[in-house]
Every structure is written in C-alpha cells, then in structure tokens.
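Structural description and commentary
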Amino acid sequence: MTRLEELTLDLADDALSREAALELQRLLAHEGSARQTHIRLLQVEAGLRATRQNLDLAPSIMGRLRARMADGIARNVMTEIRANPLMRGASCPPEVSTQSRSPTSQKRMWRRHTAAPGVQRDAGNLRARKWFMRTVQQRSLGILLGPTWPWWKPKPISIALAACVILTVGLWAWFFGPTMGKPILAEVQGTGLRLERAGQTLIATAGMSLSAGDVLRASENGTATITFVPEKTRVSLNAGTELKLSSLLHGKRFELHLGKLEASVAPQRPFRPLVLNTPHADARVVGTHFILTVATNATRLDVTEGSVRFTRISDRRAVRVPAGSYAVAAPNYEFAALPKTGGLLRECWIGVTGKTMFALREDPRFPDHPDKRDFIDNLELKVSETNQLGVRLRGYLHPPVTGNYHFWLNYSLPDSSYAEVTMSPTENPAEEVAIARDGKVGVTQAPPPIQLEAGRRYYIEIQTLINTKTAGYISLEWKPPGGTRELLTGEFLSPAKPKR
Amino acid sequence: MSNTDLDNVVVRVLAGDIDAYEAIVRDYQLEVWKVVAAMLLNAQLTEDLVEQTFISAFQHLHSYERGRDFGAWLKEIARNQVRQEIRRRTREDVRIEHYQAQLLQSYELSAQSSQSQPLQEALEECTRKLPPASAKLVELRYHRALNFGEIAALVGRTVEATRQQLGRIRIALRECIEKHLARL
C-alpha cells in the first residue's frame with residue numbers, strides 16, 4: 001500500500017489528521033498520476049457506499065418533523081402573547097392582599113408598584129410565561145396524543161387521592177427506592193453517539209437525562225460517560241459500544257449488547273446491586289471498578305477493585321472474580337477467575353549498532369537496561385521511520401482451550417530489519433525456543449502446531465531490530481484449535497514483570 | 001409507490017397529515033442516501049444530510065409540481081444540501097479543502113456524462129470476484145453500514161487490523177476496476 005493510498009483511505013474513513021491532510025495535498029501536487037489514483041479510490045468508496053441495503057431513517061426524520069411542528073406552535077403562541085399583552089391579565093399587578101397590612105405598608109406597596117414598573121412587568125411576564133407554557137403543553141400534547149387531550153379534568157377529591165398516592169409512593173421510594181440520582185449523560189466525546197428512545201433515534205449530547213429503555217450506541221469515534229449524581233458511580237462507554245438502560249427500579253440494570261464499558265461503582269444499597277446483562281453472562285456488582293467487554297461469541301470481565309459475581313447464562317454457573325483477575329464466558333472456554341491479562345511488556349533500546357539480530361543481544365544494555373519500558377495491548381507493532389531500534393515484547397500466553405495452536409509472524413519491514421518469536425513450553429523463560437522467525441518482508445510459512453494446555457501460562461517473547469525509513473508493521477497471528485487465524489490480542493496475554 | 005399514490009400522499013401531507021409523509025421517507029430514503037453518500041465521506045454527516053433533505057422537502061412540498069419525477073426533485077434538494085455543507089466545511093476545516101470539492105466535481109462530471117455506468121458495472125463485477133472473507137467484510141461495512149468497531153467485534157479482530165484489511169480490499173478493487181475499464 002503506497003503512502004498516497006494510505007492517506008486517501010484515511011480520508012475515506014474520515015480519519016485524516018491535519019498534518020496528514022497537508023501531506024496528501026503535497027503528494028497530489030507533485031505526482032502526475034496521484035490525482036487519478038486518489039479520485040478513483042474515492043470513487044470506489046462512493047460506489048461501495050451506494051450499495052447500502054439496510055436503512056431506516058424514517059423514525060428519526062419523523063421525530064424531527066414532529067418536534068419542529070411543536071416548536072412552530074410554541075412560536076405562534078409567543079406571537080399571540082406579543083400581539084395581545086393584556087391577555088388573561090398578563091400585565092396585572094401582583095395579587096397581593098392589602099387587607100391585613102398597615103396603611104404605611106400599603107403606601108410602601110403602592111409606591112413599589114407605581115415607582116417600579118419593572119416589578120409589574122416581571123409579575124405580568126411570570127403569569128404570561130405560565131400561561132404560555134400551559135398553552136404550549138396543551139397544544140403540543142394535543143398534536144402528539146390526539147384531539148381528545150386533555151381527557152381528564154381534575155376534581156378536588158381526585159387531587160386529594162392523587163396526593164395520598166404520591167405521598168405513599170414517596171414514602172415507599174424513601175425507604176425502599178434506589179439511592180441514586182437520575183442518570184445523566186455527563187460526558188460525550190467525538191461524534192456519532194446515538195440515543196434510541198421510544199423508537200426514535202436522537203443525537204446524544206452531554207447533559208441529556210437518561211431513562212429506562214434508552215439505548216446508547218457509540219460509533220467508532222464516539223465515547224460517553226453516564227453519571228448518577230449525587231452517587232459517585234460512573235459508567236464509561238468505549239467506541240463501538242451499545243448499551244441499554246433496561247431498568248432503574250430495583251437497582252441499576254443494563255444490557256451490554258456489544259463493545260466495551262468501564263464502570264466505577266459506588267457502594268450500592270443492599271438487595272439493589274448494579275446488574276449488567278450480556279448475551280453470555282450477568283455481572284452483579286455491589287461496589288467496585290471493572291471493565292466488561294462483549295464480542296459476538298464471548299463476554300470478558302476484568303476486575304480492578306472489589307469483586308464481581310459473574311454468572312454464565314448457558315449453565316447459570318457463577319464465579320466470584322476478585323481484583324486483579326478476569327473471567328470469560330464463552331463456549332469452549334474455561335469458566336473461572338484467572339489472573340488478569342491484557343498485553344505484553346515492551347522494552348526498547350535506541351541506537352543499537354549492527355545489522356543482525358545478534359547486534360541487539362550483544363548490546364551491553366541488553367536485556368536489563370532498556371531506554372524505555374511500557375505495555376502494549378496486542379501483538380501488533382506499528383513502526384515508522386526508525387533506525388537502529390531494538391524492541392523486545394515479552395510476557396505470558398494464556399491459551400483458552402487445550403489443543404494444537406499455529407502461529408504466524410506477519411512482517412512488513414525492509415530487509416535490514418529482523419524479528420523472531422520464541423516461546424517456552426512452561427512459564428520459565430530459560431526454556432524458550434524459536435517458533436517463528438523472519439528477516440524478509442512477508443509472512444512466515446505455516447509452522448508446525450504447538451500443543452498448549454488451557455489454564456496454564458506459557459512464556460512468549462518477540463525480539464526485533466528495526467532499520468527502516470518507511471512505515472511498516474510486525475504482528476503475530478495465531479489459530480487456536482477449532483478457531484480461525486486472527487491477531488493474537490491482549491485477552492490472551494499478560495505482561496512479564498520488568499526487572500528494575 | 002405509483003405516481004397517483006404519491007400525489008395522493010402529497011395532498012394528504014399538505015392537508016396537515018404529517019404521518020402520511022413517513023411513506024414517502026420509507027420509499028425514497030435509500031435513493032437519497034446513495035446520492036449523498038457518493039458525495040460525502042462521513043457516514044454520520046451523510047445520515048444527517050439525508051434527514052435534512054427530507055425535512056427540507058417537507059417544508060417545500062407546496063412547491064413540488066405534481067406529476068413530476070419526485071425522486072429527481074428530492075435528489076436535487078440533496079445535492080444542494082451537500083454543496084452547501086461542503087462550502088461551509090471548506091471554510092472551517094483545511095482537511096477537506098480541495099479534496100471534497102474535487103470529489104464533488106468528479107461526481108457531478110461523471111453523473112452528467114456516461115462515465116458513471118461503466119464504473120459502477122466494473123465495481124459490481126470486481127466485487128463479485130472477491131474471496132468470501134473479503135466479500136463478508138464489504139457486506140458488513142457497506143451493505144449493512146457497520147462501523148469498524150462493530151465489524152472487528154463480529155470477525156474477532158482488532159479495529160486497526162479490520163481497517164487495514166478493508167483498505168487492502170479497496171485498493172484491490174481499484175486495481176481491478178482500472179483493468180476492467182482499460183479493456184473497454
């Protein structure tokens with residue numbers, strides 16, 4: 001893939017940074033055929049988009065139209081008020097009883113009313129506003145609910161009965177209701193966060209109140225956080241996540257359909273835990289910090305603080321997942337609280353002189369004194385314009401099932417760069433052997449399978465020496481028993497402990 | 001929807017029956033979406049402009065001459081919406097300066113000329129030749145309009161790996177189209 005193609009695709013995916021846009025501009029200006037390639041690729045994108053088959057914008061469009069109609073009515077009522085300011089005593093002085101006041105205070109009142117016309121105007125405006133709001137409400141509800149609205153005119157006895165009911169419900173809620181405040185969409189970042197409410201799709205914005213039945217959909221570049229002020233519980237949705245607030249009546253209940261959320265849950269009232277249902281499992285939380293990830297065929301729970309009761313739906317088996325552990329509910333996967341995974345330790349040595357893999361191993365700083373240490377999420381390493389950089393990724397592989405595994409090293413770097421993958425038959429690094437190695441651009445041939453056992457961990461390490469002036473990548477793919485070839489992701493990796 | 005049915009619906013909407021407009025939206029939304037999607041590169045913005053097109057058409061429904069091609073009338077409104085949006089965004093954002101305008105110009109030129117038909121046919125032909133795994137990704141991304149996160153979750157890969165694979169597919173399609181068009 002050329003740089004021009006890469007940038008054009010970024011533009012097509014709406015992922016072009018400002019700097020990249022300028023680079024694209026330069027490429028298009030300098031290369032004669034570049035513009036043709038660029039336009040053709042965009043035409044392919046447009047042509048593909050025109051093949052869309054499922055689209056239902058009718059609820060959203062009709063919702064917006066109805067809202068506009070209601071808004072139009074409100075404007076008409078406002079015009080009526082402006083045209084007829086005396087309507088319904090809108091400009092009358094305040095209804096203040098002067099019977100019980102002394103003559104002095106009456107004079108004061110009189111002076112206040114006559115000397116300060118603003119007061120009269122404010123009071124009049126207040127009434128006008130109340131009447132205005134009532135009229136708008138009635139007319140809007142008339143549009144939305146039909147011509148029979150209002151269908152019930154309250155009588156004193158009804159009001160008394162309603163007050164009793166409200167008092168009873170209030171007392172019940174006081175003693176038995178949840179402790180939380182109303183859920184609010186406190187933070188929204190990026191674009192593309194949609195809220196589905198009563199069959200309508202709305203663009204979700206920060207500050208919106210949420211209610212039971214609402215479904216939040218975060219697109220690939222949108223994230224959001226829900227809060228329950230005054231309670232300190234926070235639920236943060238990652239990009240590409242779909243969450244439904246199924247109920248708030250007996251504690252907070254959510255359905256996580258797809259994607260990833262991170263929750264920090266304040267202590268909940270007894271018998272009213274926060275419950276998250278996914279297609280594969282239920283997570284029951286009283287107060288903790290955790291991450292829940294849902295894919296098509298699996299749900300993974302990572303607990304950072306406290307503990308979570310995790311129930312697999314298929315057989316209703318439950319495990320308690322403590323802090324620093326995770327559990328996965330999926331077919332053919334051991335259902336247990338396991339030590340937390342999530343990536344590998346990355347160590348970098350800058351300025352490694354030499355052109356072979358031995359150059360890194362013979363560097364006096366290797367292995368205990370790297371220039372930089374951090375963690376990466378998966379076995380995919382992107383490289384850009386780097387010379388003489390040695391990188392070591394190391395940690396443990398946690399196979400989900402027992403059986404034969406295949407590994408492939410994907411490699412897209414110039415000939416002067418090298419990479420090698422080693423794995424140990426145990427968790428002891430001293431027993432490691434090379435399982436994939438390459439010094440050329442391309443992919444290693446299908447290697448012999450390696451027998452691994454679920455529930456055990458195996459030491460894995462990748463060493464690479466990078467000498468490149470162009471961008472490239474190194475990634476490790478695997479094929480678990482009965483699975484498909486895919487990138488080895490952090491769910492099955494845990495970092496090695498760095499030597500200090 | 002036949003022309004007579006459409007005219008009846010338009011009369012009902014003009015008489016104040018807002019709900020009747022839903023039938024029009026359902027009938028024409030995909031057609032309008034294709035026009036807007038071909039001229040814009042942002043899925044979210046595309047949906048917003050399609051919605052805006054229907055709202056604008058509703059507001060100007062009295063100016064629609066009965067018996068005319070309603071789809072063509074709607075698509076003209078959609079094109080105007082896109083032109084306005086591109087002008088507005090070009091003023092605000094350097095990233096789309098030139099490129100979006102170029103794309104619009106290219107789209108309008110090809111829509112007016114006879115170029116668009118062979119291109120579309122070549123694209124259909126090349127898409128049919130894709131291996132099943134690639135065809136599946138194209139289906140998820142373009143037929144079902146899922147985002148990269150959703151697709152990655154469905155196929156069990158990372159978002160970045162999914163984007164890269166779809167990038168390679170699009171480049172392969174471009175090369176295939178070039179060869180196809182060269183043979184004509």
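Above this note sits the structure.
Below or above, wherever it landed, is the structure these notes cover. Here the structure is a predicted model, which is why all the values come from computation and not from measurement. (Residues numbered from 1 in each chain as written. Chains lettered and ligands numbered in written order. Predicted model: local features only at pLDDT ≥ 70, side-chain atom pairs only at ≥ 80, totals over all residues. Heavy atoms only, no water.)

Considering the overall build of chain B
Note the threshold: For helices the rule is a DSSP run of H or I covering at least 4 residues; for strands it is a run of E covering at least 2, with both sets numbered from the N terminus onward. Only protein chains enter the accessibility calculation, which uses a 1.4 Å probe; a residue is then buried when its area is under 20% of its type maximum, exposed when over 50%, and partly exposed in between. Contacts were defined at the residue level, with two residues in contact if any of their heavy atoms lie within 4.5 Å.
When its secondary structure is counted, chain B shows 9 helices and 0 strands. Beginning at the N terminus, the succession of helices and strands in chain B can be written as α-α-α-α-α-α-α-α-α. Here chain B holds 184 residues, and the buried ones make up 51% of them. A fraction of 56% describes how many contacts in chain B between residues 6 or more apart in sequence connect residues 24 or more apart.

A short note on the nonpolar core
Filter applied, for reference: Nonpolar cores are built from buried Ala, Val, Leu, Ile, Met, Phe, Trp, Tyr and Cys residues. Side-chain atoms within 4.5 Å join them into one set.
Of all hydrophobic cores here, the largest spans 39 residues; its most connected members are Tyr21, Ile24, Val36, Phe54 and Phe70 of chain B. Elements supplying a minimum of two residues to this core: helix 4 (58-83) of chain A together with helix 1 (3-14), helix 2 (21-39), helix 3 (43-59) and helix 4 (70-92) of chain B. The biggest single contributor to this core is helix 2 of chain B, with 10 residues. Among residues more than four places away in sequence, those in contact with phenylalanine 70 of chain B are Leu6, Val10, Ile24, Tyr28, Leu61 and Tyr64 of chain B.

What about the interface of chain A and chain B?
Interfaces are often described in size by the accessible area the parts lose on coming together. Put simply, the test is: By convention, the term buried area covers the 1.4 Å-probe accessible surface removed from two parts as they join, with the contributions of both added. For salt bridges, the criterion is a side-chain nitrogen of Lys or Arg within 4 Å of an Asp or Glu carboxyl oxygen. Polar contacts, as counted here, are pairs of nitrogen or oxygen atoms within 3.5 Å of one another; within protein the pair requires one atom able to donate a hydrogen and one able to accept it, and residues that are adjacent in sequence qualify only if both atoms are side-chain atoms.
Contacts between the two partners involve 67 residues from chain A, matched on the other side by 66 residues from chain B. The largest share of the area that chain A buries against chain B comes from Leu48, Arg49 and Arg52 of chain A, three residues that together contribute 11% of it. Here chain A is connected to chain B by 14 salt bridges. We note a salt bridge from aspartate 13 of chain A to arginine 170 of chain B, for which the minimum N-O separation is 2.9 Å. Seen at the junction of chain A and chain B, the total is 18 residue pairs in polar contact (both at pLDDT 80 or more). Mapped by element, the contributors of at least two residues to the side of chain A that touches chain B are helix 1 (3-12), helix 2 (18-30), helix 3 (34-49), helix 4, strand 19 (380-383), strand 27 (472-479) and strand 28 (486-487) of chain A.

So, the side chain of threonine 233 of chain A
Residue and element names in this part refer to chain A. Mapped onto the elements of the fold, threonine 233 is located in strand 6 (residues 231-237). A polar side-chain atom of threonine 233 sits 3.5 Å from a polar atom in the side chain of glutamine 268. Leaving out residues up to four positions away in the same chain, threonine 233 has contacts with Ile226, Thr227, Phe228, Ser264, Val265, Ala266, Gln268 and Leu274.

Examining the pattern of salt bridges
The full count for this structure, using the stated rule, is 45 salt bridges over all chains. Glutamate 45 of chain A serves as the salt-bridge partner of arginine 49 of chain A, at 2.7 Å between the closest nitrogen and oxygen. Here arginine 49 of chain A pairs with glutamate 45 of chain A, and both are found in helix 3, just 4 residues apart, close to one helical turn. Taken as a pair, arginine 49 of chain A and glutamate 45 of chain A share a single burial class, namely buried. Across the pair lysine 136 of chain B and glutamate 139 of chain B runs a salt bridge whose closest N-O atoms are separated by 3.9 Å. Residue lysine 136 of chain B and its partner glutamate 139 of chain B are both found in helix 7 (residues 132-143); the two are separated by 3 residues, about one turn of the helix. Residue lysine 136 of chain B is classed as partly exposed on the basis of its relative accessible area, which comes to 40%. With relative accessibility at 28%, the residue glutamate 139 of chain B sits in the partly exposed group. Sharing partners across several salt bridges, the network here consists of Asp10, Asp13, Glu45 and Arg49 of chain A together with Arg163 and Arg170 of chain B.

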